[in-house]
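Given next are the chains, with one letter for each unit.
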Amino acid sequence: MAQYAVIGLGRFGTTLALQLVKMGHDVVGIDSDRRVIEMLSDSLTYTAIADVTDDHALRELNPIDYDAVIVAIGENMQASLICVVHLKNMGIENIWVKATTQAHHLILSRLGVSRIIHPEEEMGTRTAQALAYPMIREYMALGNRQYVVEVKVTAGLAGTALAELLECVKDDVFGILVKRREQLIPCPAAQFVIEANDTVVLAGNRTSLMKLAARFV
Ligand code: ATP
């Protein structure tokens with residue numbers, strides 16, 4: 001079980017904090033708005049009303065004791081940045097921050113935080129991907145235009161050997177795993193025959209994966 005501090009309990013911060021609690025972690029939620037804190041005080045491990053631009057108020061909450069501190073103040077860029085500077089001055093290393101604008105992102109990257117999150121852009125990208133490529137259920141970007149993707153086998157592809165399926169993208173896309181009902185089949189062999197409703201996890205470059213995706217429609 002890890003311990004997290006979530007600063008700023010708007011929709012993003014609240015969802016994040018509640019999800020972490022659901023996953024079994026300890027979460028302290030911090031916000032300057034009393035009404036927000038009152039609404040969440042029964043759901044989070046610990047809550048505190050504080051203006052995080054106030055160095056002393058922030059120090060009293062001992063953010064150094066947490067595995068990560070997430071600053072989820074979006075609209076008020078000044079408050080977000082001042083809070084990050086205070087956290088940095090306290091020696092906190094694992095700081096994740098929500099950014100709303102490019103200027104916000106730029107300053108945060110100069111401050112050297114662990115991760116900058118753009119929830120709207122990230123969700124927008126995922127939604128566009130889901131609309132354009134509905135056969136791809138999940139994906140993970142590896143960088144350099146390489147991805148791991150999860151696709152469901154349609155009835156039309158049932159009975160196809162993996163090698164035959166990947167023939168058009170040979171040496172560019174690799175089968176990592178097949179999930180068949182409850183069973184996980186790692187590193188399936190080339191002659192492995194896929195069945196309808198199998199979930200196939202593949203890795204490869206974007207162009208080849210997109211070419212292959214058309215076969216899963
Ligand atoms: P979302 O889209 O997630 O709802 P938002 O960007 O619209 O977020 P913000 O206005 O950035 O929301 O505020 C998120 C929360 O941060 C609010 O509940 C607000 O009270 C809190 N907050 C803003 N400034 C401070 C501050 N200086 N100290 C503590 N909490 C703050």
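Residues numbered from 1 in each chain as written. Predicted model: local features only at pLDDT ≥ 70, side-chain atom pairs only at ≥ 80, totals over all residues. Heavy atoms only, no water.

Help me understand the side chain of Thr199, please; the structure alone is not making it clear to me.
Along the chain, the position of Thr199 falls in strand β11 (residues 199-205). Judged by relative accessible area, which is 11%, Thr199 ranks as buried. Among all residues touching Thr199, those that are not within four sequence positions of it are Glu150, Val151, Lys152, Leu177, Val178 and Lys179. (Helix = DSSP H or I, 4+ residues; strand = E, 2+ residues; numbered from the N terminus. Buried < 20%, exposed > 50% of the residue type's maximum accessible area, 1.4 Å probe, protein only. Contact = heavy atoms within 4.5 Å.)

Is there a simple way to think about the sheet that holds strand β2 (residues 26-31) in this case?
The strands that make up a sheet pair up through hydrogen bonds in the backbone, lying either parallel or antiparallel. Read from one edge to the other, the open sheet built from six strands follows the order β3-β2-β1-β4-β5-β6, with strand pairing classed as parallel. Looking along the sheet, the strands with just one partner apiece sit at the ends: β3 (46-49) and β6 (115-117). Geometrically, the sheet is characterised by an average inter-axis angle of 15 degrees between neighbouring strands, direction not taken into account. Against the sheet, helix α1 (residues 11-22) contacts β1 (3-7), β2, β4 (68-71), β5 (95-98) and β6, and its axis sits at roughly 165 degrees relative to β1. Contacts from helix α4 (residues 77-89) reach β1, β4 and β5 within the one sheet, and its direction differs from that of β5 by about 175 degrees. (Pairing = 2+ DSSP bridges. Axes fitted to C-alpha atoms, helices over the stretch in contact; angles between N-to-C directions.)

I'm lost on empty space enclosed by the protein in this one. Help?
In this approach, a probe sized like a water molecule rolls over the atoms, and the result shows the empty space that is left. Enumeration according to the criterion identifies one cavity of 30 Å³ or more in this entry. If you add up the space inside the largest cavity, you get close to 70 Å³. Along the walls of the largest cavity sit Gln129, Ile136, Tyr139, Tyr147, Val149, Arg206, Leu209 and Met210, which together make up its complete lining. Secondary-structure elements contributing two or more residues to the lining of the largest cavity are β7 (136-143), β8 (146-152) and α8 (206-213). When residues of the lining of the largest cavity are assigned to their parent elements, the largest contribution, three residues, is made by α8. Among the residues forming the lining of the largest cavity, the class breakdown is six nonpolar, one polar and one charged. (1 Å grid on protein atoms, 1.4 Å probe; cavity = no way out; pocket = protein on both sides within 12 Å on 5 of 7 lines; lining within 4 Å. Points joined across faces, edges and corners; volume = space filled by probe spheres on them. Nonpolar A, V, L, I, M, F, W, Y, C, P; charged D, E, K, R; others polar.)

Even after reading the chapter, I still don't get the pairing of β1, so can you show me in this structure?
Successive residues of a regular strand alternate their side chains across the two faces of the sheet. Of all the five residues making up β1, four are buried; the element is thus mostly covered by neighbouring parts of the structure. With five bridges joining them, β1 and β2 adopt parallel strand pairing. Bridged to Tyr4 within β2 is Val27. Between the parallel pair β1 and β2, the chain is carried across by α1, and the sense of this crossover is right-handed. With four bridges joining them, β1 and β4 adopt parallel strand pairing. Directly across from Val6, in β4, lies its bridge partner Ile70. (Right-handed = clockwise from strand over helix to strand, strands pointing away.)

Is there a simple way to explain the site of the ligand in this structure?
Near the ligand lie 18 residues; those nearest to it are Arg11, Phe12, Asp31, Gly74 and Glu75. A distance of 2.6 Å is found between an oxygen atom of the ligand and a side-chain nitrogen or oxygen belonging to Asp31. A distance of 3.1 Å separates an oxygen atom of the ligand from a polar side-chain atom of Lys98. Relative to its unbound accessible surface of 640 Å², the ligand loses 80% to contact with the protein. Mapping the ligand onto the cavity grids shows that it belongs to the largest pocket. (Near = heavy atom within 4 Å. Polar contact = N/O pair within 3.5 Å; in protein donor to acceptor, adjacent residues only side chain to side chain. Areas by Shrake-Rupley, 256 points an atom, 1.4 Å probe, with all protein chains shown as cover. Sits in = over half its atoms within 2 Å of the grid points.)

Coordinates in, geometry out; function isn't part of it.
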